[in-house]
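# Observations on the three-dimensional arrangement
Listed below are the residues making up each chain.
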Amino acid sequence: DTDAPTAAPTEAPTDAPDEETTEEETTEAPFDPLAFEPAELPVANVAREGFALASACKNDGGFSNLHLNDGDRSTGFSTPWEATTDPSAEYYFFIDLTAPRKVDHVKLYPMEGEENAFPKAFDILTSMDGVEYSSAASVSGTSAEAAKDGLTVELGGVEARFVKLVTRELGEGAKRKGCYLSLSEFEVYAPIDTASNMILNRHD
């Protein structure tokens, strides 16, 4: 008898992974400095990015309506001199804030050298469309001396895009200039957020 031949053992197939493995590639989105949720900030002067227009303006000597909201109190606005001697003559200007704001208060500053022309009585009106205005505040008995650090008029958070000042009693300017309106700055304060804050301060 002879022994039956035996088959050579075979290795079982394996599913073992290769020694070299590759990690999954990830791509990171580019950083966007404006992609954030705006955070609420305290009130700020939102008139700086608006547009100021006046019913009348002294065109010579640098008294433009553009100085009403330029953020520079060394410059100023004035209506024409010697145009009237009537203190009840009406002058007005308005600021287009370019977008609706919940206006907390406004602040007026007398112009150095033209303090006598600071308005003695005036109304503040607000509007959303620049056509229909509503009374927001009425002020009487003011003086440049009392307003030397700014005269604040509270508006209580009224929503408005346009803020308008209308005189009821003009100051009498010095050196026979008649009755006219003069200010160094008109500021409008409203709550802002971190996004609008960057726009308001982009010139800085």
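Refer to the structure above for everything that follows.
Here is what the cut-offs are and how they apply
- Residues numbered from 1 in each chain as written.
- Predicted model: local features only at pLDDT ≥ 70, side-chain atom pairs only at ≥ 80, totals over all residues.
- Heavy atoms only, no water.
- Helix = DSSP H or I, 4+ residues; strand = E, 2+ residues; numbered from the N terminus.
- Buried < 20%, exposed > 50% of the residue type's maximum accessible area, 1.4 Å probe, protein only.
- Contact = heavy atoms within 4.5 Å.
- Areas by Shrake-Rupley, 256 points an atom, 1.4 Å probe, with all protein chains shown as cover.
- Phe/Tyr/Trp six-rings, centres within 6.5 Å; stacked < 30°, edge-to-face > 60°.
- Lys NZ or Arg CZ within 6 Å of the ring centre and 35° of its normal.
- Core = buried A, V, L, I, M, F, W, Y, C linked by side-chain atoms within 4.5 Å.

What follows concerns the overall build of the protein chain. Along its length, the protein chain carries 1 helix and 11 strands. Listed by position from the N terminus, the elements making up the protein chain come as β-β-β-β-β-β-β-β-β-β-β-α. Counting the 204 residues in the protein chain, one finds 41% classified as buried. At a minimum sequence separation of 6, the contacts of the protein chain that also span at least 24 residues come to 75%. For the protein chain, the accessible surface area stands at approximately 12900 Å², while carbon and sulfur atoms represent 48% of it.

Aromatic ring pairs: the centre-centre distance and the angle between the two ring planes describe each pair. Under the defined criterion, the tally for this structure stands at 5 aromatic pairs. Each residue in the set Phe63, Trp81 and Tyr180 is aromatic and connected to the rest through ring pairs, giving one cluster. Just above the ring of Trp81 sits the side chain of Lys177; from NZ or CZ to the centre is 3.9 Å.

Time to look at the nonpolar core. Core analysis: the biggest nonpolar cluster contains 37 residues, and Val106, Leu108, Ile124, Val153, Phe186 and Val188 have the highest contact counts within it. Among the elements of the structure, strand E4 (92–109), strand E5 (121–127), strand E6 (134–139), strand E7 (151–169) and strand E11 (185–193) are those that each provide at least two residues to this core. What Leu108 contacts, discounting residues up to four positions off in sequence, is Phe118, Pro119, Phe122, Ala147, Gly150, Leu151, Val153, Leu165, Leu183, Glu185 and Phe186.

Here the focus is the environment of Val188. One can find Val188 in strand E11. Separated by 138 residues in the primary sequence, Val188 and Gly50 have C-alpha atoms spaced 9.8 Å apart.

Distances and angles like these do not, on their own, reveal function.
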